[in-house]
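Letter by letter, the chains look like this.
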4 protein chains.
Amino acid sequence: MQQAEARTGYHVTSLRVRYAETDAMGVAHHASFLPWLESARVEWLRHFGVSYADLEQAGLRMPVVELRIHYLAPARFDDIVHVRCGMAERTRTRVRFIYTLFRDGQSAPLAEAETVHCFLDPGGRAVRLARESRHWHLLQHLPLIDQAPGDAEGIAAY
Amino acid sequence: MQQAEARTGYHVTSLRVRYAETDAMGVAHHASFLPWLESARVEWLRHFGVSYADLEQAGLRMPVVELRIHYLAPARFDDIVHVRCGMAERTRTRVRFIYTLFRDGQSAPLAEAETVHCFLDPGGRAVRLARESRHWHLLQHLPLIDQAPGDAEGIAAY
Amino acid sequence: MQQAEARTGYHVTSLRVRYAETDAMGVAHHASFLPWLESARVEWLRHFGVSYADLEQAGLRMPVVELRIHYLAPARFDDIVHVRCGMAERTRTRVRFIYTLFRDGQSAPLAEAETVHCFLDPGGRAVRLARESRHWHLLQHLPLIDQAPGDAEGIAAY
Amino acid sequence: MQQAEARTGYHVTSLRVRYAETDAMGVAHHASFLPWLESARVEWLRHFGVSYADLEQAGLRMPVVELRIHYLAPARFDDIVHVRCGMAERTRTRVRFIYTLFRDGQSAPLAEAETVHCFLDPGGRAVRLARESRHWHLLQHLPLIDQAPGDAEGIAAY
């Protein structure tokens, strides 16, 4: 899984394409990729010490407010897909994750994606995390990726 | 839509098969049928004067505890599917719905199904509805279908 | 449904949020919106005389190659959602659709989205439609929306 | 994972509940269980030497024609779920799988299920496998579980 190997601040989550995720074109339906991104960021958080389930129970939710994805090649039933995820931005009102998806054994990506998340309090209101809050403290210790110019262009080209 | 016409106590909900609901066999994936059953019972309730959304906000939830389905013919992308739904049983601890699915213009059913639901209180505990409760009063006024021997056999044959 | 009313080149598709489409935040999961966009463009095509099912059987497929979506407000179980769709770009190698989603009775949008599609031949290869082809002839007769500066900015701001 | 440990002819597939699989009750939606059963039988086949993807490319498909499931306890976001699967019946026209689902670390099952599958040829027709066919040869070498009387009653009680 050389092509998706972890670089600093990244984590790779692997999964198998389910039959239920395919469509009548014989490939994974484009909406199936979104739960894969979701799993990848949950595993990214866990890898760096944060349980999203715990965060939620502690009153912080991070819904997707923006999503961009480029589909570059099809994924098929039973393919192993590697999702490389990293946190590209973090402020007291939002975080941004970027993703590159690979089919096992291939170096050309299947897809590139980006999600932006805001913070909701238990009442469902978007909030700015207080500088001294436990949640901000937690998030601040997560690694930000070092976006190379090429990566930045990749995102900008969306 | 003669084949799915409403008989006493039944209500028919119609929908289009979405591309996202198909799979690599070129037909609707078998799991896609479950949200159709769900929509059909929500619309059945609405047709007979009960909003499931309101029920839930009033503290009653009716999760599926048993489900049986026979798939008889495939549904394809863009097909119009009619789901005929009726309530076949109702006690203070559970209700049972039965469903027959038809493709528009065809008299042979696509599928036959049955779901059993219990009642949960807001804390997530299964409850027996009190005889004098508002919820039981509401449910008691919903029509039960008059299962003909043929129907009964159909269900028993599952 | 004033807020989503059809303007020239647009078509509005309406749907009910299914329970299966909600998530543990109590709102429609962000991935649920993608099949709604899909239904909206299938209905847009049908409204303007083209059946996507027929297109596919005639050998043309139009998979999503890019998708952007801004989530602005949550949709909840049983909400009626209106999806206003229009074709914003059309070349011999791709088409682009834009979407605005509204909750019934509200003028502030739930979400704004954009999808880009390429053309695949039956063998799954991306193709440039021949100028004299039946498919290009068909697509050329579909209305392009007249993007106002405001709309264009909206999209650009993604 | 004692409670789901493999007995002869069984195989256990484990997965994490995805956020996308939850619903507004805060638990995994009942339809989410079906792709889990599907993954479990694909992994069961792989464990015993058969790739369902290869089977399909060789012209054999095994769609679900009957499905029964009892939901016994809720699964929640981020839970690890173990699905124990076995083949309970095999004839030249159908196979039957049974499943028991467990939450990690718990001995009481989450759900019990059963699926029946027929065989389709590439043209989509239900077929009886020829005694000398390669597919029948392949299926005959898969282990059948030894249903104890208790298991048999469990299934009958559905």
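What you see is a predicted model, and the numbers here were worked out from it, not measured in a lab.

Novice: How do you make sense of the environment of His135 of chain D when you look at a structure like this?
Specialist: Residues and elements named next belong to chain D. By the element assignment, His135 lies in helix H3 (residues 134-140). Taking the relative accessible area as the measure of exposure, His135 reaches 13% and is therefore buried. C-alpha separation for the pair His135 and Val42, spaced 93 residues apart in sequence, amounts to 16 Å.

Novice: How do you make sense of the packing of aromatic side chains when you look at a structure like this?
Specialist: All chains considered together, the criterion is met by 28 aromatic pairs over all chains. A ring pair is formed by Tyr52 of chain A and Tyr19 of chain D, whose centres lie 6.1 Å apart and whose planes are at 65 degrees; its orientation type is edge-to-face. Of this pair, Tyr52 of chain A sits in helix H2 (residues 52-57) while Tyr19 of chain D sits in the loop between strand S1 (10-16) and helix H1 (33-47), each in a different chain. Across from the ring centre of Tyr10 of chain B, 5.3 Å away, lies the NZ or CZ of Arg84 of chain B, which sits over that ring.

Novice: Would you take a moment to explain the relation of the copies chain D and chain B for this structure?
Specialist: Each of the two chain copies can be brought onto the other by rotation about an axis and movement along it. If you rotate chain D by 180 degrees and push it 0.0 Å along the axis, it lands on chain B with an RMSD of 0.0 Å. Expressed as an axis order, the relation between the two copies is that of a two-fold axis. Closest to the rotation axis within chain D is the C-alpha of Arg68 of chain D, separated from it by 2.2 Å. Interface residue correspondence from chain D to chain B reaches 100%, placing this contact among same-surface, isologous pairings.

Novice: Before we go on, may I ask you to explain the interface of chain D and chain B in this structure?
Specialist: Interface size is often expressed as the accessible area that is lost when the parts come together. Taken together, the contacts link 21 residues of chain D with 21 residues of chain B. Summing the contributions of chain D and of chain B, the shared interface buries around 1900 Å²; its carbon and sulfur component is 59%. Here chain D and chain B share zero salt bridges between them. Connecting chain D to chain B are eight residue pairs in polar contact (both at pLDDT 80 or more). Where the side of chain D that touches chain B is concerned, the elements lending two or more residues are H1, helix H2 (52-57) and strand S2 (64-71) of chain D.

Novice: Just to check I follow, could you spell out the interface of chain C and chain A for this structure?
Specialist: Each partner contributes to the interface: chain C provides 21 residues, whereas chain A provides 21 residues. When chain C packs against chain A, the two sides together hide about 1900 Å² of surface, and 59% of this comes from carbon and sulfur. In this assembly, chain C and chain A are joined by zero salt bridges. Viewed at the interface, chain A and chain C are joined by eight residue pairs in polar contact (both at pLDDT 80 or more). Within the residue set of the side of chain C that touches chain A, elements represented by two or more residues are helix H1 (33-47), helix H2 (52-57) and strand S2 (64-71) of chain C.

Conventions and cut-offs
Residues numbered from 1 in each chain as written. Chains lettered and ligands numbered in written order. Predicted model: local features only at pLDDT ≥ 70, side-chain atom pairs only at ≥ 80, totals over all residues. Heavy atoms only, no water. Helix = DSSP H or I, 4+ residues; strand = E, 2+ residues; numbered from the N terminus. Buried < 20%, exposed > 50% of the residue type's maximum accessible area, 1.4 Å probe, protein only. Phe/Tyr/Trp six-rings, centres within 6.5 Å; stacked < 30°, edge-to-face > 60°. Lys NZ or Arg CZ within 6 Å of the ring centre and 35° of its normal. Least-squares fit on C-alpha atoms with pLDDT ≥ 70 in both. Contact = heavy atoms within 4.5 Å. Buried area = accessible area lost by both parts, 1.4 Å probe. Salt bridge = Lys/Arg side-chain N within 4 Å of Asp/Glu carboxyl O. Polar contact = N/O pair within 3.5 Å; in protein donor to acceptor, adjacent residues only side chain to side chain.

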